[in-house]
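Secondary and tertiary structure notes
What follows is each chain in one-letter form.
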Amino acid sequence: MKTHSTPVRVSAARRLFAALGAGIAMTALFAAPAVQAEDLHVMNSGGFTAAYKLLLPRFEAASGDHVGTAWGPSMGKAPEAIPNRLARGEPADAVIMVGYALDDLIKAGKVRADSRVELADSRIGVVVKAGDTVPDVGTPEKLKAALLAARSVAYSDSASGVYVERELFKKLGIAEQMQGKAVMVQKTPVAEKVAAGDYALGLQQVSELLPVKGIAFAGKIPESLQSVTRFAGGVPVNAQHPEEAMKLLKYMAAPAVAKDVESTGLDPLAH
């Protein structure tokens, strides 16, 4: 008498693997468990923060490692800036920052060239205060109209804000009209200022706008006007746990977590 148990088992196994999906991919990264858990030190800059905070607990659970994080910009004179932290000798097993700033650290011999991991792209978006009329910014003409109609405009003191101030307004032909009503906001996230009513419209990287409460997201600025910021990670030359740090960076760049990265406003590189 023939039995049908084998096909049933195969079908059930297929359903199980399909259901596990990304979980299997994550487990594969840690197929060879560490002998003991390690304490990792990571330096992370603003644009990748939301994705990092979302993914980090899962990495810690899967790896058994504990990760401590120092926050700071990718560049600049602030003491918290990642290059300045490294220059002072602060410990770091991995750094996550704007790609071209990471390249500078690689050229300076501070970060291993063979450790660079591409993470995600970040684009500029527009917000207004929750409850205000949300402008259409989907075309250059509509973005221009929204900027001219706003009583005040804020942009960040990061790379995206420098682009807005030096290039975007000029490309739209409104550099003169924006003088006096467009302001570069220091340190504080732009969306927080918009939510508080200090400015009517704000521009910053989408991943830094979305986490703020009290704002309405109008959308990304048109692709023809975009300034795309690439985020990447690397391992400093004096890292105490370079292998574990590489696992962390590869996990955050894995196709299995692409949807999670995308949910924070970033554009993942792996799908």
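One can find the structure itself at the top, above this paragraph.
Quick summary incoming for the structure in this document. (Residues numbered from 1 in each chain as written. Predicted model: local features only at pLDDT ≥ 70, side-chain atom pairs only at ≥ 80, totals over all residues. Heavy atoms only, no water.)

Turning to the side chain of Lys-181, a few remarks are in order. If you trace the backbone, Lys-181 turns up in the loop between helix H8 (175-178) and strand E7 (182-185). For the buried Lys-181, no salt bridge is present, and the opposite-charge side chain at shortest range is Glu-176, 13 Å distant. A polar atom in the side chain of Lys-181 sits 2.6 Å from the backbone oxygen of Ala-150. Beyond its immediate stretch of four places on either side in the chain, Lys-181 contacts Leu-147, Leu-148, Ala-149, Ala-150, Arg-151, Ser-152 and Val-153. (Helix = DSSP H or I, 4+ residues; strand = E, 2+ residues; numbered from the N terminus. Buried < 20%, exposed > 50% of the residue type's maximum accessible area, 1.4 Å probe, protein only. Lys, Arg positive; Asp, Glu negative; His and termini not counted. Salt bridge = Lys/Arg side-chain N within 4 Å of Asp/Glu carboxyl O. Polar contact = N/O pair within 3.5 Å; in protein donor to acceptor, adjacent residues only side chain to side chain. Contact = heavy atoms within 4.5 Å.)

In the structure shown here, the tally under the stated rule is 3 aromatic pairs. Here the aromatic rings of Tyr-52 and Trp-71 are separated by 5.7 Å at their centres, their planes lie at 90°, and the arrangement is edge-to-face. Linking Tyr-52 in helix H3 (residues 49-63) with Trp-71 in strand E2 (residues 66-71), this pair joins segments that are 19 residues apart in sequence. What makes Tyr-52 buried here is its relative accessible area of 1%. Summarising the aromatic geometry, the rings of Tyr-155 and Phe-169 are spaced 6.0 Å apart at their centres and angled 80° between planes, so their arrangement reads as edge-to-face. Linking Tyr-155 in strand E6 (residues 153-156) with Phe-169 in helix H7 (residues 159-171), this pair joins segments that are 14 residues apart in sequence. Each member of the pair, Tyr-155 as well as Phe-169, carries the same accessibility label: buried. Its end group placed over the ring of Trp-71, Lys-53 keeps NZ or CZ at 5.4 Å from the ring centre. (Phe/Tyr/Trp six-rings, centres within 6.5 Å; stacked < 30°, edge-to-face > 60°. Lys NZ or Arg CZ within 6 Å of the ring centre and 35° of its normal.)

What follows is about the sheet that holds E6. As summarised here, the arrangement of the 5 strands in space is E7-E6-E8-E5-E9, forming an open sheet in which the pairing is mixed. Lying at the two open borders of the sheet, with one neighbouring strand each, are E7 and strand E9 (215-220). Neighbouring strand axes in the sheet, compared pairwise and without regard to direction, differ in orientation by 25° on average. Sheet topology places strand E5 (residues 124-129) next to E9; 5 bridges connect them, and they run antiparallel. (Pairing = 2+ DSSP bridges. Axes fitted to C-alpha atoms, helices over the stretch in contact; angles between N-to-C directions.)

With that out of the way, let us pick up the pattern of salt bridges. Counted under the stated rule, the structure contains 14 salt bridges. In this structure, Glu-90 and Arg-85 form a salt bridge, with 2.9 Å as the shortest nitrogen-oxygen distance. Note on Glu-90: relative accessible area 24%, which makes it partly exposed. A salt bridge links Arg-88 to Glu-90, with the nearest nitrogen and oxygen atoms 2.6 Å apart. Residues joined in a network through salt bridges with shared partners are Asp-103, Arg-116, Glu-118, Asp-121 and Arg-230.

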